[in-house]
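Chain residues, written in single-letter form:
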Amino acid sequence: MADSSFDIVSKVDRQEVDNALNQAAKEIAQRYDFKGVGASIDWSGEKVEIRANAEERTKAVLDIFQSKLIKRGISLKALEAGEPQASGKEYKLFCTVKEGISTEDAKKVAKLIRDEGPKGVKAQVQGDELRVSAKSRDALQEVQRLVREKDFDFAVQFVNYR
């Protein structure tokens, strides 16, 4: 019998992020407390750019965007927000959407699986993902539980379960 396996990845559905951004922009345009403050949120290349005339307003717009991401099932660990910076008369805040597991993070997860996981489970780094394989599916489910319980600073999903 062949080994069962799955991949641990950190991916974000770009369309869902775009939908959350559009919803946040719509709410900002309609809300009374954002009238006349020049608050906006939109894509700037690969980053999300938030603008407003005050530092608190940029943080409020970021809060709205984060709530829309949560409603769409996207982990906030995938969003890396900077600090508001003064740019002329307005403040700007840039956010990046992180995808992929870095090599050192993948090594941390592999070490966790080796040290605390069930016996006979193998974890190997493959680019920006981690392949976990074992003889029994129960061992793989135990690894998934273990990884979910451990609070990493990046979002994790389990795909290609075979």
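Per chain, residues are indexed from 1 in the order of the written sequence. The predicted nature of this model means local features are confined to residues of pLDDT at least 70 and side-chain atom pairs, given and counted, to a pLDDT of 80 or more, with totals for whole chains, interfaces and linings taken over all residues. Note that water and hydrogens are dropped before the side-chain values are worked out from all heavy atoms of the structure.

Draft legend 1. Geometry of the overall build of the protein chain. Secondary structure summary: the protein chain contains four helices and nine strands in total. The secondary structure listing takes helices from DSSP runs of H or I that are at least 4 residues long and strands from runs of E that are at least 2 residues long, numbered from the N terminus. Along the protein chain, from the amino end to the carboxyl end, the secondary structure elements read β-α-β-β-α-β-β-β-α-β-β-α-β. Taking 15 Å as the expected radius of gyration for a compact globule of 162 residues, we find that the protein chain reaches 20 Å, considerably beyond that expectation. The principal-axis extent of the C-alpha atoms belonging to the protein chain is close to 65 × 25 × 25 Å. When burial is assessed residue by residue, the protein chain has 36% of its 162 residues classed as buried. Total accessible area computed for the protein chain in this model is approximately 9,400 Å², and 46% of it derives from carbon and sulfur atoms. By the counting scheme adopted, Arg and Lys are positive, Glu and Asp are negative, and His together with the chain ends is not counted. Charge placement uses NZ in Lys and CZ in Arg. For Asp and Glu, CG and CD serve respectively. One finds the centroid of the 29 positive side-chain charges in the protein chain at a distance of 2 Å from the centroid of its 28 negative side-chain charges. All radius of gyration figures rest on C-alpha atoms, and the globule criterion is 2.2 Å times the number of residues raised to 0.38. Buried, partly exposed and exposed residues are distinguished by accessible area as a fraction of the type maximum, computed with a 1.4 Å probe on protein chains only: under 20%, between the cut-offs, and over 50%, respectively. Residue-level accessible areas treat just the shown protein chains as cover; the underlying method is Shrake-Rupley with a 1.4 Å probe.

Draft legend 2. Region of interest: the pairing of strand β7 (residues 122-126). Note that β7 and strand β8 (residues 129-134) share five bridges and pair antiparallel. Its bridge partner lying in β8, Gln 126 is registered against Glu 129. In this structure, the hairpin formed by β7 and β8 is closed by a connection of two residues, where Gly 127 is found at a positive phi of approximately 65°. In this analysis, strands are considered paired if DSSP registers two or more bridges between them.

Draft legend 3. Highlighting the packing of helix α3 (residues 103-116) against helix α4 (residues 137-149). Axis geometry follows a simple rule: fit a line to the C-alpha atoms, using only the stretch in contact for helices, then measure angles between N-to-C directions, giving values from 0 to 180 degrees. At their nearest, the axes of α3 and α4 sit 11 Å apart, and the two run at 120° to each other. Accordingly, the angle class assigned to the pair α3 and α4 is oblique. α4 is crossed by α3, and the crossing has right-handed handedness. In contact with Val 109, Leu 112, Ile 113 and Glu 116 of α3, α4 contributes Val 143, Leu 146 and Val 147. The classification used treats Ala, Val, Leu, Ile, Met, Phe, Trp, Tyr, Cys and Pro as nonpolar, Asp, Glu, Lys and Arg as charged, and all other residues, Gly among them, as polar. For the contact of α3 with α4, the per-class residue count stands at six nonpolar, no polar and one charged. Note that the term roughly parallel is reserved for angles under 35 degrees, roughly antiparallel for angles over 145, roughly perpendicular for angles of 65 to 115, and oblique for everything else. Whether a crossing is left-handed or right-handed is set by the direction in which the near helix is turned from the far one by less than a right angle, anticlockwise for left-handed and clockwise for right-handed. Whether two residues touch is decided by their heavy atoms; if any such pair falls within 4.5 Å, the residues are in contact.

Draft legend 4. Local environment of the environment of Glu 16. Within the element layout of this structure, Glu 16 appears in helix α1 (residues 14-30). Given a relative accessible area of 23%, Glu 16 falls into the partly exposed group. Sequence spacing of Glu 16 and Glu 56 is 40 residues, and the spatial spacing of their C-alpha atoms is 26 Å. Sequence-distant contacts of Glu 16, defined by excluding residues within four places in its chain, comprise Arg 72 and Ile 74.

Draft legend 5. Examining the sheet that holds β8 more closely. One open sheet accounts for four strands, arranged β7-β8-β1-β9; its pairing is antiparallel. The sheet is open, and its two edges are formed by β7 and β9 (157-159), each paired on a single side. Taking the axes of each pair of neighbouring strands and ignoring which way they run, one obtains an average angle of 30° across the sheet. Of the pairings in the sheet, the one linking strand β1 (residues 4-9) to β9 comprises three bridges and is antiparallel in character. Among the inter-strand pairings, Ile 8 is bridged to a residue of β9, identified as Phe 158. Across the sheet, α3 touches β1, β7 and β8, and the angle it forms with β8 is around 20°. Sheet strands in contact with α4 are β1, β8 and β9, and its direction is about 15° off that of β1.

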